[in-house]
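Overview (structure and organization)
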Amino acid sequence: MSEPNATAKTSAALLQSRRNALRSYLGAYGFMAPAGVLVIIFFLIPVAIVLYLSVTNLASSNFTSNLAKMEFVGLKNYETLLNDQFARKIFFNTIFYVLVTLSLFNVTLALIVSLLTTHIDRSAGFLFRALWILPRITSPVVYILIWKRMTAEAPFGILNQFNEFLGQPTYNYLSTNPWVFVVVVNGFIGVSFGMIIFTSAIESIPKDLLNASLVDGSSRLQRIRYVILPLIRWPLLFVVTYQTLSLLTSFVEIQLLTDGGPGLYRTEVWSLTAYHRALSNYFGNAQWGYGSAFAVLLVMIGVVLAVIYMRVFRFDELIAEPRVEAL
Amino acid sequence: MEIRIDNLTKKFGDVVGVEDLTLHIDDGEFVAFLGPSGCGKTTTLLTLAGIYKPTEGLIRFGDRVVNTVQPKDRNIGMVFQSYALYPHMTIFQNIAYPLKLKKAPKNVQNEQVRQVANVMGIGELLDRRPGQLSGGQQQRVALGRALVKEPDVLLFDEPLSNLDARLRLTMRGEIKHLQKNLGITSIYVTHDQVEAMTMADRIAVMNLGQLQAFDAPDELYDRPKTRFVAGFVGNPPMNFLDVDVSQSNGGFVAAADSIQLPVGNERGEPPAGYDGSVVMGIRPEDITIADDGDVNGEIFVVEPLGREDLIDARVGPHSFILLADTEKQHRAGERVALKFDMTQAQFFDPQTERSLLWN
């Protein structure tokens, strides 16, 4: 009489505990769901589509309402890409653009601006940084228009008006020095990201530590070298990593400023090529499949670089285990 | 190194940190700046360190005016409440940092760091990082770093506040011992009057940016010049009571409601001359529970401290803190007679809060 009753009780308890486990399981996934859905819809699915497109011959020239006509071509697009006489030039353009912009502006100038504006009067520093945010929050079209007007041929551009004023020859800058302006225009925006990160990192160094260094006998420059820079190592590595990846994929400003020109691909970068091939080719001839192959390679380069950065900078070692013991 | 501060004022915009401070510190002296938070003691210390520039006034180290001298050119050592160790450096590198900035040769650095570390008892921790040490160990490292460059002046900014009570007691003794041995002029900022009393040769009591008193600990305790000093120095704090002092039967009497306390001529005469009531101060140890006490009251609460009982006794509307022998086993609600040792009573002007006895 009591035996089956006990079994029923046990199984009821078991069921209850399973229900609880399920509930907490669903709870956790429930909270993750909104972000998860967004990642799936706006990242994973597009990536899958692009991956698939890159192995098809889909282009506006063979595009009909009958999607079945889209042919699977295997790695043909990648083969074409490797044999593309301009791919090599564009590849090195990209490396040049990323390296120079990153090293001169996004990291170095950002660091200099942060250090300067944290060593002067607080409100002046704040104002200066606020001004430098403007390029980032201005619409790229407006921002690039400003630069185009600045660099325009005499007598319109401000730079050339200075040249005339000083009795110097005038230039069509975007044709004579396109790279200088591609780098400067992007760098000007790029600085503000590192500037914000570095400034907040510097400001969060305890005041006692900064005072201690001065009392210990350092000059302000020595304090930057021996105390401030080592203490903002993590943000520094983060900015290098993040900005490399974001420069690799940025093309809007270049498209608006030079559109990869002048001439054949003088300032064309990889992500701009992907766009040009897939969406904005000559005579409306959009090679969606071929363009996707460019995009896929860019993603792969980005992933590889991210992994390398994480290994080289040893992000995991930046957190040390404490070994506190009693006195 | 003799330090002379003359009419020092430091303002931050409209906010006054320190106002018109004049203080002369002798060579080798251990001086404590004592006061509640926001009293200007740390501001003064950082101005001495050269982190802040004085708004007005002169600071002299020996004969040299150091108002605009950079911290690095002052040869000072400083210990912070937060220890302020460089987290990215090992303990060795932390202590060696001042020597490295002086461009001392590597072997000299090595030797001096080890010597200081051994004195501080942290010799075996040199390859650790600050995050791997306990608070007490970190404070020793901070002290070692301050001492390693053989400074002319040592500045302490509440160095023991973050330590637990037992460790604080040990470090208090060690710092005092070290300071006396090395004979380095030292300034020690604290809000803990026990620390100031036990360690300092002289104490500068500050409140609201102003110097209240600058005297030896005993002097501050026995002859406080202001009511603030009387109330801040001493634990448990002094009892205060508004009284009228008048002449009676050839002596003086301090009276408040039912309380009538006879005062000797020496202490009774100055307050008696004051028009109106004055503030009387009496320390807990100068009130005893005795059968022949002058004032009848009731025990409100008893707080056992182990060695003695802290008793809050009420007489009408007035409350008195006093200390009593634990063996007497006083209980709350008990009716007692209180005896006041009026030879120790202090009297203050209620308006200016200055002592009527010691000015």
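Definitions and cut-offs
- By convention here, each chain's residues receive numbers from 1 onward along its written sequence.
- Going through the entries in the order they are written, you letter the chains from A and number the ligands from 1.
- Given that the model is predicted, a residue must reach a pLDDT of at least 70 before its local features are reported, and side-chain atom pairs must reach 80 or more before they are shown or counted; all residues, however, enter totals for whole chains, interfaces and linings.
- The basis for the side-chain values is all heavy atoms of the structure; hydrogens and waters are excluded.
- Numbering of helices and strands runs from the N terminus, with a helix taken as a DSSP run of H or I at least four residues long and a strand as a DSSP run of E at least two residues long.
- Only protein chains enter the accessibility calculation, which uses a 1.4 Å probe. A residue is then buried if its area is under 20% of the maximum for its type, exposed if over 50%, and partly exposed in between.
- Note on contacts: a residue pair is in contact if any heavy atoms of the two residues lie within 4.5 Å.
- Polar contacts, as counted here, are pairs of nitrogen or oxygen atoms within 3.5 Å of one another; within protein the pair requires one atom able to donate a hydrogen and one able to accept it, and residues that are adjacent in sequence qualify only if both atoms are side-chain atoms.
- For salt bridges, the criterion is a side-chain nitrogen of Lys or Arg within 4 Å of an Asp or Glu carboxyl oxygen.
- Two strands qualify as a pair provided DSSP detects at least 2 bridges between them.
- Structural elements are reduced to axes, namely lines fitted to C-alpha atoms, with helices fitted over the stretch in contact, and the angle between N-to-C directions of any two is expressed from 0 to 180 degrees.
- Candidate patch residues must exceed 30% relative accessible area and have no salt bridge, after which like charges are joined if within 9 Å and Val, Leu, Ile, Met, Phe, Trp or Tyr side chains if within 5 Å.
- To measure how exposed things are, a 1.4 Å probe is used in the Shrake-Rupley method; for residues, cover is taken only from the protein chains shown.
- Note on charges: Lys and Arg go in the positive column, Asp and Glu in the negative column, and His and the chain ends are not counted at all.
- Where a charge sits is defined by one atom per residue type, namely NZ (Lys), CZ (Arg), CG (Asp) or CD (Glu).
- Each domain's extent is set by a domain assignment, obtained either automatically or from a database.
- Put simply, buried area is the surface a 1.4 Å probe can reach on two separate parts but cannot reach once they are joined, added for both.

Time to look at the environment of Asn186(A). Residues and elements named next belong to chain A. Looking at where Asn186 falls in the secondary structure, it is placed in helix H8 (residues 178-203). Classification of Asn186 as buried rests on a relative accessible area of 7%. C-alpha separation for the pair Asn186 and Phe105, spaced 81 residues apart in sequence, amounts to 8.6 Å. Once residues lying within four places of it in the same chain are set aside, the contact partners of Asn186 are Tyr97, Thr101, Ser250, Glu253 and Ile254. Here the side chain of Asn186 touches Val182 through a polar contact of 2.9 Å, landing on its backbone oxygen.

Residue and element names in this part refer to chain A. Mapping Val113 onto the fold places it in helix H3 (residues 87-119). When the C-alpha atoms of Val113 and Ala33 are compared, they prove to be 41 Å apart, with 80 residues separating the residues in sequence. Discounting residues that sit within four places of it in the chain, Val113 has contacts with Phe128, Trp132, Val191 and Met195.

Moving on: the pattern of salt bridges. Counted according to the given criterion, the structure contains 16 salt bridges over all chains. It is possible to trace a salt-bridge network through shared partners that takes in Asp26(B), Glu29(B) and Arg202(B).

With that settled, the discussion passes to the sheet that holds strand E12 (residues 251-256) of chain B. Residue and element names in this part refer to chain B. Taking strand neighbours across the sheet as the criterion, the five strands line up as E13-E12-E11-E14-E20 in an open arrangement whose pairing is antiparallel. Across the chains shown, the open sheet's two edge strands, defined by having one partner strand only, are strand E13 (259-263) and strand E20 (346-348). Averaged over all pairs of adjacent strands, the angle between strand axes in this sheet comes to 40°, irrespective of strand direction. On the sheet, helix H9 (residues 265-272) packs against strand E11 (239-248), E12, E13, strand E14 (278-282) and E20 and is oriented at approximately 60° with respect to E12.

Within a sheet, neighbouring strands are paired by backbone hydrogen bonds and run either parallel or antiparallel to one another. All names here are of chain B. With mixed pairing, six strands are arranged side by side in an open sheet as E6-E7-E8-E3-E9-E10. Of all the strands in the sheet, the pair left with one neighbour each is strand E6 (76-79) and strand E10 (210-215). Adjacent strand axes in the sheet meet at a mean angle of 15°, parallel and antiparallel pairs treated alike. Relative to strand E8 (residues 185-190), strand E3 (residues 30-34) is paired through five bridges, and the arrangement is parallel. Residue Leu34 lies in a different strand from E8, and its bridge partner there is Thr190. The sheet contacts of helix H5 (residues 165-182) involve E3, strand E7 (153-157) and E8, and relative to E3 the element is tilted by about 140°.

Before going further, it helps to spend a moment on a positive patch on the surface. Among the surface-exposed residues, Arg225(A), Lys100(B), Lys103(B) and Lys106(B) lie close enough to one another that they form a single positively charged patch. Its place among the elements puts Lys106(B) in helix H3 (residues 106-119).

Attention shifts here to the domain arrangement of chain B. It is common to give the size of an interface as the accessible area that goes away when the parts come together. All names here are of chain B. One can read the domain layout of chain B as domain 1 (3-232) and domain 2 (239-348). Using C-alpha coordinates to define each centre, domain 1 is positioned 39 Å away from domain 2. Between domain 1 and domain 2, a total of about 700 Å² is buried, with carbon and sulfur atoms accounting for 51% of that surface. Together, Tyr221, Arg227 and Ala230 form the three largest contributors to the area buried by domain 1 at its contact with domain 2, with a combined 69%. There are zero salt bridges connecting domain 1 and domain 2. At the junction of domain 1 with domain 2, the criterion picks out three residue pairs in polar contact (both at pLDDT 80 or more). Elements with a minimum of two residues in the side of domain 1 that touches domain 2: helix H7 (217-222) and helix H8 (227-232).

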